[in-house]
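Survey of secondary and tertiary structure
Chain by chain, the residues:
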Amino acid sequence: MIWKLSLTGIKSRLKDYTVLFSGLVVASMIFYMFLSLAINPGFMSHDVNAPGQYLSFIFGFGIVLLAIITFVYLVYANSFLLSMRQHDYGMFMMLGAKSSRIGLLIFCETLLTGMLAAILGIVIGFGLTAIVSKVLIASLGLKIMHFQIVLPSAIIWTLIFFIAIFFLAALRNVHKLVRSKVIDLLHESQKPIKLSHKNVLRVFEAILGIVLLAVGYYVMGLPASAIFAIIPIALVTVVAGTYFTFDSLFTLIINFLLKRKNFAYRGIRMFTLGQLKFRIRDYTRILSVISLLFALALGAITVGLNFNSLKDQAVKSTYYDATIVENSPAVQKNVDKLDIKTRSTYHYVETKKDVYFDRSEFEKTPLKDIQFKQNGNNFPTYKPIAFKISEITKKNSYANSVLGMQANTGNKAIKLVSSDQLKKIQGQKKFITFITVKNFVKDYPTLTKLEKVQMASNPAMAQALSQTKPFSYQMMLGFTSGFEFMGFFLGIAFLTMLASTLMFKVLSGAASDKMRYEMLYKIGTRRKILKQSIRHEIGVLFLLPGVLGVIDVLFGLRLFTALLPHPYMGFWVPFLIFIVLYFIYYAVTVKLYENLVLKK
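Everything in this summary refers to the structure shown in the same document. (Residues numbered from 1 in each chain as written. Predicted model: local features only at pLDDT ≥ 70, side-chain atom pairs only at ≥ 80, totals over all residues. Heavy atoms only, no water.)

Scanning all chains against the criterion turns up five salt bridges. A salt bridge links Glu 350 to Lys 412; the nearest nitrogen and oxygen atoms lie 2.9 Å apart. In this pair, Glu 350 sits in strand β2 (residues 340-350) while Lys 412 sits in the loop between α17 (398-407) and β6 (413-417), placing the two residues 62 residues apart along the sequence. As a salt-bridge pair, Lys 430 and Glu 350 come within 2.8 Å of each other at their nearest N and O atoms. Highlighted residues: Lys 430 in strand β7 (residues 428-437) and Glu 350 in strand β2, separated in sequence by 80 residues. On the basis of relative accessibility, which here comes to 31%, the residue Lys 430 falls in the partly exposed class. One connected set of salt bridges, linked through shared partners, spans Glu 350, Lys 412 and Lys 430. (Salt bridge = Lys/Arg side-chain N within 4 Å of Asp/Glu carboxyl O. Helix = DSSP H or I, 4+ residues; strand = E, 2+ residues; numbered from the N terminus. Buried < 20%, exposed > 50% of the residue type's maximum accessible area, 1.4 Å probe, protein only.)

The end-to-end C-alpha distance of helix α24 (residues 572-597), which contains 26 residues, comes to 37 Å, matching closely the 38 Å that a straight helix rising 1.5 Å per residue would cover. Of the positions making up α24, those classed as buried are Pro 574, Phe 575, Phe 578, Tyr 582, Tyr 585, Tyr 586, Thr 589, Val 590, Leu 592, Tyr 593, Glu 594 and Val 597. (Expected span 1.5 Å × (residues − 1).)

If you walk across this open sheet you meet the five strands as β1-β7-β2-β3-β6, and the pairing is mixed. Where the open sheet ends on each side, the last strands, each with one partner, are β1 (322-324) and β6. Strand-to-strand twist across the sheet, computed as the mean angle between neighbouring axes with direction ignored, equals 30 degrees. Strand direction decides the pairing type here: β2 and strand β3 (residues 354-358), joined by three bridges, are antiparallel. Looking at the pairing, Glu 350 lines up with Val 355 of β3. Lying on the sheet, helix α19 (residues 440-457) is in contact with β1 and β7; it crosses β1 at an angle near 35 degrees. (Pairing = 2+ DSSP bridges. Axes fitted to C-alpha atoms, helices over the stretch in contact; angles between N-to-C directions. Contact = heavy atoms within 4.5 Å.)

With that out of the way, let us pick up the packing of helix α11 (residues 269-282) against helix α23 (residues 527-556). The contact between α11 and α23 brings their axes to 10 Å, and the two run at 35 degrees. Classified by chirality, the crossing of α23 by α11 is right-handed. Of the residues in α23, those in contact with Phe 271, Thr 272, Gln 275, Leu 276, Arg 279 and Ile 280 of α11 are Ser 533, His 536, Glu 537, Val 540, Leu 541 and Leu 544. (Left-handed = near helix turned anticlockwise from the far one by under 90°.)

This part covers the pairing of β2. As a general feature of sheets, a regular strand has side chains that alternate between the two faces. As judged from the 10 bridges shared by β2 and β7, these two strands associate in the antiparallel manner. Bridging from a neighbouring strand, His 347 pairs with Phe 431 of β7. Linking β2 back to β3 in an antiparallel pair, the connection comprises three residues.

Another point: the environment of Thr 242. By secondary structure assignment, the location of Thr 242 is in helix α9 (residues 227-259). According to the relative accessible area criterion, Thr 242 is buried, its value standing at 0%. Taking the C-alpha atoms as reference points, Thr 242 and Ser 288, separated by 46 residues in sequence, lie 5.8 Å from one another. Ignoring sequence-local partners within four residues, the contact set of Thr 242 consists of Leu 213, Ser 288, Ser 291, Leu 292, Leu 548 and Asp 552. Side-chain polar atoms of Thr 242 contact the backbone oxygen of Val 238, separated by 2.6 Å. (Polar contact = N/O pair within 3.5 Å; in protein donor to acceptor, adjacent residues only side chain to side chain.)

From the geometry alone we can't say anything about function, so treat these as descriptive.
Following this line, the structure appears as structure tokens:
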């Protein structure tokens, strides 16, 4: 009988459960996708090679962040689930149901909701992982043979994580409801909210909040050399400033508007402002958390998309596009495919103690490299330079080290001799050719094959060839692509869960608000005016954390000026995505809230 009543209660609140369920599905779906990309064994060991470690770290870091935000989200989602059902549970206990039976019912309902959401999320995650992996693999320029979309270990760990969290949530629900008095369960939503009337304290707290935010924003613009001091100071000041701002500043603004009779006495603005005053004081913590998470989500997408610009820096930071040390048919086959811009060849003879190069070849085509120039706190610039011949033979000079590393001469001294002298020296006769192409990105796959072919046939040169531009670019490609995808999907997950959390918090108070709207309707307030009041009230609750989060991001992006050449480039794209998604959640919340508090 109890199960039948429970199912009837769930059916009557099916729309609310659908919103809750959809948020849980998105969380488990993205969690599985991150886990499958991070621990795919064949993909990391056979296909990705160098960037694999970076990708594992990046997606592993994303999993940790996602686990934290998922835990916070589930706490509020569980509170919403509890608020929807506690009145029903109180009624069951009034009708004579045993507390043990109610506890079992609560436990099973909570755990079953989490398991179904996790399973459905994993199934949808298969498709999402397939799409993301194809895009990721295409951006890495790899030929993938070992990637598994359905990964048993990822499925098991995703289920373990969500079942464990919902198991704890179920125990908490049982403890709270079974030990609560029946009267408390029936009238929980009618408990008054205590408000402080100490305006002097509120003014001081508001000023302190603004000052702390200003300090945090200022600190984030300091030089990157002080990053270890910037992060903790900014973290403390921005978090504390956000809390104090919501706890006092907005309440003072509402009090000010309430005293403006020309504004407050139009329509039912007095009621709307009163609702906001109570809500903001009650929602201080949740609004602060949502504002910070909004900034993190928006920042994750903005920075993630901007990491793509680091690929251009990887191309600019190395002068030569490839190194050739042999003339085999396989090597020549790949060279013929390249659109070569310049070619510089240097012949040398290697003896047991020294390495002799032809001086005339360096005079004809000087050895070149890229010089880095740091401009204060800005991103470094790159300038091509030609080495002087005298620097090449100077021990421990930069030119000597560059040539020694590329020719793999070890600790042997580099000497320059004439062409005739070089012919007379007894030793291993070798050469090294440096080439540049007209379009590195276009020829990158061929350049990579060229270096791999030489590494296979010249094990002694493998270390030197592994540090050439194609492999450096591939490593940077994996690094940037990983951050790009992690930032995008982590940001979407953050936004989905923070918006859902705010939605659940608003909807959980609908039961106590229903009677107020009924009274307004009975005294003659039109339904259109009531809907307008709801839209304004919920709109402010959504708008405040969103605006403060955007301000946090605009100042916070300055932290990345030393890491990204243009951290603000294209920031309007993620901002537009967020505004659209955030508005959709706002519209859904308004519609669900209207259905709960307004009689049809």
